[in-house]
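Listed below, chain by chain, are the residues.
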Amino acid sequence: MGKNSEVDRDAVVTLKEEFLPGVFRMCLETGEVFCANAEPGQFIQIEVSPGPFPVTRRPFTISRAYSSSIEIIFEAVGRGTALLSGVETGSAVRVLGPLGSGYELNNGGWLLVGGGLGAAGFPGLVSYVDCRLMLLGASSKDKLLPVPEVSLLSITEDGSSGRKGLITDLLESVQWDSVSNIAVCGPVAMMKAVIQNIPAEFSSRTQISAEARMGCGWGACEGCSIPKAGGGYLKCCTDGPVFPADSIDWERWEGIH
Ligand SMILES: Cc1cc2nc3c(=O)[nH]c(=O)nc-3n(C[C@H](O)[C@H](O)[C@H](O)COP(=O)(O)OP(=O)(O)OC[C@H]3O[C@@H](n4cnc5c(N)ncnc54)[C@H](O)[C@@H]3O)c2cc1C
Ligand code: FES
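Here the residue numbering is sequential within each chain, running from 1 through the sequence in written order. As they are written, the chains are lettered A onward and the ligands numbered 1 onward, keeping that order. This being a predicted model, a pLDDT of at least 70 is required before a residue's local features are given, and a value of 80 or more before pairs of side-chain atoms are given or counted; all residues contribute to the totals for chains, interfaces and linings.

Asker: Lay out the sheet that holds strand 12 (residues 181-185) with the relevant residues and their values.
Answerer: For two strands to be treated as a pair, DSSP must find no fewer than two bridges joining them. What counts as a helix is a DSSP run of H or I of at least four residues, what counts as a strand is a run of E of at least two, and both are numbered from the N terminus. Judged by pairing direction, the sheet is mixed, and its seven strands sit side by side in the order 11-10-9-8-12-13-16 without closing on themselves. Sheet topology places strand 11 (163-164) and strand 16 (242-244) at the edges, where each strand pairs with a single neighbour. Here strand 8 (residues 109-115) runs beside strand 9 (residues 130-138); their pairing, made up of seven bridges, is parallel. Bridge assignment links leucine 112 to a residue of strand 9, and that residue is methionine 134. Working definition of a contact: two residues with C-beta atoms, positioned from the backbone, lying within 7 Å. Only the contacting stretch of a helix is used when fitting its axis, a line to C-alpha atoms as for every element, and angles between N-to-C directions run 0 to 180 degrees. Each of strand 8, strand 12 and strand 13 (206-209) is contacted by helix 4 (residues 188-197), which is oriented at about 155 degrees to strand 12, the strand it contacts most.

The following block contains the structure:
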């Protein structure tokens with residue numbers, strides 16, 4: 001399911017709201033087949049403008065799939081996302097997806113660790129797995145995503161919501177005997193720090209969701225390379241964006257950020 005079932009279609013925007021400053025929730029009517037094929041962790045490529053700029057589409061995690069529409073959560077960080085944030089409800093945008101490889105949905109308890117907008121994919125994931133605890137970290141409460149009803153601990157760097165500190169500070173609160181699987185998503189330095197601070201026996205049971213700069217989104221341009229453990233590169237768009245944490249060369253990846 002999922003892989004090789006992508007479609008390129010117009011999708012009507014049925015909802016758009018700015019629920020945090022500069023952070024938007026958008027629902028796109030992609031149809032039942034698209035939604036049935038979407039797996040947690042997969043992404044879409046959106047043509048943010050019908051005009052000549054920008055040339056390439058922009059990738060976004062499928063935050064949640066409903067029966068015939070999907071939801072994305074995005075932050076306006078540059079020209080492409082600013083254009084997308086200006087699309088009106090009722091208009092259509094071109095959407096390619098579902099793309100890439102999502103999470104291995106293994107049995108057992110899950111710990112979800114998200115930094116900032118990295119948690120955008122967690123609403124969909126928690127409906128598929130036994131989530132025992134979610135840890136969320138952000139620079140301030142303006143960047144802390146609301147999440148579904150799960151056991152949650154949050155922390156902000158400025159102390160404006162939850163504890164003050166870094167997300168790695170929350171790892172001391174985890175009851176490790178209830179955890180079998182870990183999902184981590186966020187900036188590279190944050191993911192590396194989390195992986196360095198979890199008990200060693202969990203490294204082979206940790207999956208990360210990567211965000212690399214992308215061109216095509218389907219394996220042709222090699223613009224999304226991520227250093228692979230042991231040498232060489234992985235393609236974020238087709239080998240991922242979800243990867244086993246131990247398949248990544250974290251030193252080399254952090255070095256190119
Ligand atoms: C698989 C995948 C899933 C993603 N899911 C989400 C999501 O759910 N929500 C969300 O808000 N964003 C997500 N992103 C990041 C999003 O695609 C970028 O923020 C967006 O493409 C920026 O476009 P822009 O034209 O606005 O910014 P640009 O003008 O191109 O760049 C503005 C700034 O954003 C940075 N940036 C651009 N692209 C990326 C990227 N891919 N990763 C990290 N930083 C980037 C640039 O370095 C620059 O500092 C995802 C990226 C990938 C690869
Ligand atoms: S974005 Fe083109 S190969 Fe991955």
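Asker: Give me the lowdown on the environment of tyrosine 103, citing residues and values where you can.
Answerer: Tracing the backbone shows tyrosine 103 in the loop between strand 7 (92-99) and strand 8. Whether a residue is buried, exposed or partly exposed follows from its count of other C-beta atoms within 10 Å of its own C-beta, namely 20 or more, 12 or fewer, or something in between, respectively; the C-beta atoms are built from the backbone. The exposure class of tyrosine 103 is buried, given the 20 C-beta atoms found within 10 Å. With 62 residues separating them along the chain, tyrosine 103 and glycine 41 place their C-alpha atoms 5.6 Å apart. Apart from the residues within four sequence positions on either side, tyrosine 103 is in contact with Pro40, Gly41, Leu125, Ala183, Gln207 and Val242.

Asker: For the site of ligand 1, give the residues involved together with the corresponding values.
Answerer: The rule is simple: place the C-beta atom from the backbone, and if it lies within 6 Å of a molecule or strand, the residue is near it. Around ligand 1, the surrounding shell holds 23 residues, and the nearest of these are Phe74, Gly78, Gly80, Thr81 and Ala120. Elements supplying a minimum of two residues to the shell around ligand 1: strand 4 (58-61), strand 6 (69-75) and helix 2 (79-85). Ten residue types, Ala, Val, Leu, Ile, Met, Phe, Trp, Tyr, Cys and Pro, are classed as nonpolar, four, Asp, Glu, Lys and Arg, as charged, and the remainder, Gly among them, as polar. A breakdown of the residues in the shell around ligand 1 according to their chemical character gives 14 nonpolar, four polar and five charged. The split of the chain into domains comes from an automatic or database domain assignment. Inspection of the shell around ligand 1 shows a minimum of three residues originating in each of domain 1 (7-99) and domain 2 (109-255).

Asker: Residue-level account of the domain arrangement of the chain, with values.
Answerer: Assigned domains of the chain: these are domain 1 (7-99) and domain 2 (109-255). Counting residues at the interface gives 18 residues for domain 1 and 18 residues for domain 2. Counted by class, the side of domain 1 that touches domain 2 contains 10 nonpolar, five polar and three charged residues.

Asker: Run through the environment of proline 50, naming residues and quoting values.
Answerer: Note on placement: proline 50 falls in the loop between strand 3 (43-47) and strand 4. Residue proline 50 is classed as exposed on the basis of its 9 C-beta neighbours within 10 Å.

Asker: Report on helix 4, specifying residues and quantitative values.
Answerer: Among all positions in helix 4, only Val188, Met190, Met191, Lys192 and Val194 are buried. Those residues of helix 4 that are buried are in contact with strand 8, strand 12, strand 13 and helix 5 (250-255).

Asker: Which residues make up the nonpolar core, and what values go with them?
Answerer: We define a nonpolar core as a collection of buried residues of the types Ala, Val, Leu, Ile, Met, Phe, Trp, Tyr and Cys that are connected via C-beta atoms lying within 7 Å of each other. By size, the foremost hydrophobic cluster in this structure holds 65 residues, and its most contacted members are Leu112, Val113, Ala183, Val184 and Ile208. No other element matches the five residues that strand 9 contributes to this core. Residue assignment places this core across two domains, with domain 1 (7-99) and domain 2 (109-255) each supplying three or more. When residues no more than four places from it in sequence are discounted, the contact partners of valine 113 are Leu135, Ile167, Ile182, Val184 and Val194.

Asker: Could you give an account of the pairing of strand 8, naming the residues involved and the relevant values?
Answerer: Counting buried positions over the seven residues of strand 8 gives six, a clear majority of the element. Inspection of the sheet shows strand 8 paired to strand 12 by five bridges, in the parallel sense. Each bridged residue has a counterpart across the sheet, and for glycine 114 the counterpart in strand 12 is cysteine 185.

Asker: How would you explain the pairing of strand 7 if you had to name every residue and give the values?
Answerer: With six bridges connecting them, strand 1 (residues 7-20) and strand 7 associate as antiparallel partners. Across the sheet, valine 12 pairs through a bridge with alanine 92, a residue of strand 7.

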